[in-house]
Amino acid sequence: MAKAQTVFVCVNCGSTHPRWVGQCDSCGNWNTVISESRGPLSGSRPSKGRGVEIEFESLDGPNLPEARLETGISEFDRTCGGGLVPGSATLVGGDPGIGKSTLLLQVLAKLARSTRCIYVSGEESTDQIRLRASRLGLSDANVDVAAESDVMNLLRSISSTPSPGVVVIDSIQTVYVDSIDSAPGTVSQVRTSAQELIRLAKNKGFALILIGHVTKEGTIAGPRLLEHMVDSVMYFEGDQTNHFRILRSIKNRFGPTHELGVFQMTDAGLSPVENPSALFISQNRSSMSGIAIFAGIEGSRPLLIEIQALVASSMQATPRRNVVGWDAGRLAMILAVLEARCGLSLAKQEVYLNVAGGLRVNDPAADLAVAAALISATLDIPASPDTVIFGEIGLSGEVRSVRQSGLRVKEAHKLGFKHVFRPGEQDELQLYDTDKIKNSEIFHLKDLVAKFRDSVLKSPTIEARGDSNVNT
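Residues numbered from 1 in each chain as written. Predicted model: local features only at pLDDT ≥ 70, side-chain atom pairs only at ≥ 80, totals over all residues. Heavy atoms only, no water.

## Quick look at the sheet that holds strand S21 (residues 438-442)
- Ordered in space as S15-S16-S14-S13-S17-S20-S21, the seven strands form an open sheet in which the pairing is mixed. Looking at the sheet topology across the chains shown, the edges are occupied by strand S15 (321-324) and S21. Strand-to-strand, the axes of this sheet are offset by a mean angle of 25 degrees, without reference to chain direction.
- Pairing between strand S13 (residues 291-298) and strand S14 (residues 301-313): eight bridges, direction antiparallel. When the bridges of S14 are listed, alanine 292 appears paired with isoleucine 307. (Pairing = 2+ DSSP bridges. Helix = DSSP H or I, 4+ residues; strand = E, 2+ residues; numbered from the N terminus. Axes fitted to C-alpha atoms, helices over the stretch in contact; angles between N-to-C directions.)

Written out as structure tokens, the structure reads:
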């Protein structure tokens, strides 16, 4: 009998190595190679002469409409692109305790009214699942639950019963295939388990949802191939000390990517937030400096977000630069542009930047709002509380046009804002209600600094103080 062999596999790309190495030769990542013990696989070599001919089709064939399973939870359906697609596979990742199991149990309780739903846990017993359902007020939901880790048992049980509409596996790192001689959660087990479950979902036509653990870097544990195998990848984000949760779509073959859903953690579980813009901005902004309201786009949703900045003197040789919710490299670029192009002295100042509400912003249109918050904090004068700002900043200080400016202005007008600072070369045809909301064109970052500087020179308090951060 052949002996089991030890192989070294990269958890990021799945490539194998003859021995342990610190850096993977295929993907270039460090410390991602782990050892696995694999047994001999029977029938791994294909026989000659096997296979059947397949029939190819043209692209101009009939397109069948996609039937969606709408959950009734508006934020979840929005992130999915309108609901779950039968026969699709979705991967949901997030930090421990963030609420992944709670959210999906609520989703199944909604869908169980119209289709059969199965919840399989490899981490909890059925009594623990019932206890969570009782706490959420879902004990009467017609959801079938099971505590099982063997994938072959799951495949046989699901195949021998009436076909379900949705199946949730909690989690993919805890299930295993007994023919693979390695522990659950290893690269080979995750890959094989997911492949078997996805194949059954495609054949039976039910929507499969896999819950995935994440590493300390925030990525889903296991091989990166797992994200390529599924149809949709979602991350459940948020700070456990904050009651807001963000469901973000990273990949979606049946809808827009980077869609975003906002939830609020309550005693009765997760409830969708219909108007998140009103939650991410504070109501008392008129007397505080260092605050700017950014009109952003997350997926297809316009969202108003509060950007907070603090600039303080530093006694250290290297002042601190601390960023929460934004790219630290982009902050360094904005600071360099303000110093080199606009005459603001920030090299000896400590800078702290925060995106309120625990949201992570990746939109480059946030550059101008971040710059406005930094200028406001540096000059110690509040920005206008009824103004929203958006625009991308180049290295020469020019303000560049951004996408979907009309949706941004529309959201600002809906929430009662009366003034918008926008790029000067933005297409006027994309703007919304230009007669109802005032538009100020910002061609260069100097234009924005000049507005704050004029306000400072007119203020007797700051003029008497003689702020040293402004180079005249």
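## Some words on the pattern of salt bridges
- The full count for this structure, using the stated rule, is 16 salt bridges.
- Ionic pairing is found between glutamate 75 and arginine 301, a salt bridge with its closest N-O pair at 2.7 Å. Of this pair, glutamate 75 sits in helix H1 (residues 74-80) while arginine 301 sits in strand S14, and the two are 226 residues apart along the sequence.
- Since its relative accessible area comes to 2%, glutamate 75 is described here as buried.
- Residue classification places arginine 301 among the buried residues on the basis of a relative accessible area of 5%.
- Through salt bridges with shared partners, a single network forms among Lys202, Asp231 and Arg253. (Salt bridge = Lys/Arg side-chain N within 4 Å of Asp/Glu carboxyl O. Buried < 20%, exposed > 50% of the residue type's maximum accessible area, 1.4 Å probe, protein only.)

## Describing the packing of aromatic side chains
- Using the criterion set out here, one finds one aromatic pair in the structure.
- We note arginine 408 situated over the ring of phenylalanine 390; from NZ or CZ to the ring centre the distance is 5.6 Å. (Phe/Tyr/Trp six-rings, centres within 6.5 Å; stacked < 30°, edge-to-face > 60°. Lys NZ or Arg CZ within 6 Å of the ring centre and 35° of its normal.)

## Quick notes on unusual backbone geometry
- Cis geometry is found at the peptide bond from aspartate 170 to serine 171, where omega equals 5 degrees.
- Looking at where serine 171 falls in the secondary structure, it is placed in the loop between strand S7 (166-170) and helix H5 (187-204).
- Despite not being glycine, aspartate 380 shows a phi value in the positive range, around 60 degrees.
- Here aspartate 380 is to be found in the loop between helix H8 (367-379) and strand S17 (387-389).
- Residue classification places aspartate 380 among the partly exposed positions, given a relative accessible area of 38%.

## Some remarks on the sheet that holds strand S4 (residues 89-94)
- With mixed pairing, the nine strands of this open sheet are ordered in space as S6-S5-S7-S8-S4-S9-S10-S11-S12. What marks the edges here is a single partner per strand, and that holds for strand S6 (143-147) and strand S12 (269-272). Neighbour-to-neighbour, the strand axes of the sheet open up by a mean angle of 25 degrees, direction not taken into account.
- Inspection of the sheet shows strand S5 (residues 117-121) paired to S7 by five bridges, in the parallel sense. Across the sheet, residue isoleucine 118 finds its bridge partner in S7, namely valine 167.
- This element, helix H3 (residues 126-135), spans S5 and S6 of the sheet and lies at about 140 degrees to S6.
- Across the sheet, H5 lies against S4, S7 and strand S8 (207-212), angled at about 160 degrees from S8, the strand it touches most. (Contact = heavy atoms within 4.5 Å.)

## With respect to the pairing of strand S9 (residues 232-237)
- Burial within S9 is extensive, with five of its six residues counted as buried.
- By the bridge criterion, five bridges tie S4 to S9 in an arrangement that is parallel. The residue of S9 that forms the bridge with glycine 93 is tyrosine 235.
- Of the pairings in the sheet, the one linking S9 to strand S10 (residues 244-252) comprises six bridges and is antiparallel in character. Paired with methionine 234 across the bridge in S10 is serine 249.

## Remarks on the nonpolar core
- Core analysis: the largest hydrophobic core is formed by 62 residues, its most contacted members being Phe294, Trp326, Leu331, Leu338, Leu374, Leu445 and Leu448.
- If one sorts the elements of this core by residue count, H8 sits on top with ten residues.
- Excluding residues that lie within four positions of it along the chain, leucine 445 makes contacts with Val337, Leu338, Cys342, Leu368, Ala371, Ile393, Gly397 and Val399.
- Judged by nonpolar contacts, the second largest core, of 31 residues, contains Ile98, Leu108, Ala109 and Phe263. (Core = buried A, V, L, I, M, F, W, Y, C linked by side-chain atoms within 4.5 Å.)

## Some points on the side chain of serine 440
- Here serine 440 is to be found in strand S21.
- Once you skip the residues sitting within four places of it in the chain, serine 440 turns out to touch His419, Val420, Phe421 and Arg422.

## Brief notes about the packing of helix H4 (residues 151-159) against H5
- With their axes 10 Å apart at the nearest point, H4 and H5 run at an angle of 10 degrees to one another. Classified by the angle their axes make, H4 and H5 are roughly parallel. Contacts between H4 and H5 pair Val151, Met152, Leu155, Ile158 and Ser159 from the former with Ser193, Glu196, Leu197, Leu200 and Lys204 from the latter. (Parallel < 35°, antiparallel > 145°, perpendicular 65-115°, else oblique.)

## Considerations on helix H7 (residues 328-342)
- The terminal C-alpha atoms of H7, which comprises 15 residues, lie 20 Å apart, in line with the 21 Å expected from a rise of 1.5 Å per residue.
- All buried positions along H7 are accounted for by Leu331, Ile334, Leu335, Val337, Leu338 and Cys342. In an axial view of H7, the angular spread of the buried residues amounts to 160 degrees, which keeps them on one side of the axis.
- In this structure aspartate 327 caps H7, since a side-chain oxygen of it lies 3.4 Å from the backbone nitrogen of glycine 329.
- Where H7 terminates, the next one or two residues include glycine 343, which has phi positive at roughly 80 degrees. (Expected span 1.5 Å × (residues − 1). Arc of directions from axis to C-beta. Polar contact = N/O pair within 3.5 Å; in protein donor to acceptor, adjacent residues only side chain to side chain.)

## Examining the side chain of serine 193
- Note on placement: serine 193 falls in helix H5.
- Among the residues examined, serine 193 registers a relative accessible area of 0% and is labelled buried.
- Sequence-distant contacts of serine 193, that is, excluding residues within four places in its chain, are made with Val151, Ile172, Val175, Tyr176 and Val177.

## Quick look at the confidence of the model for the protein
- Across the protein, pLDDT averages 85, with 88% of residues at or above 70.
- Across the protein, the element-wise mean pLDDT spans from 38 in helix H11 (residues 460-465) up to 97 in S5.
- Confidence over residues 41-46 falls short of pLDDT 50; this stretch has two contacts with residues more than four positions distant or in other chains.
- Here residues 457-468 is a poorly scored stretch, pLDDT under 50, and it has eleven contacts once near neighbours within four places are set aside; other chains count. (pLDDT = per-residue confidence, 0-100.)

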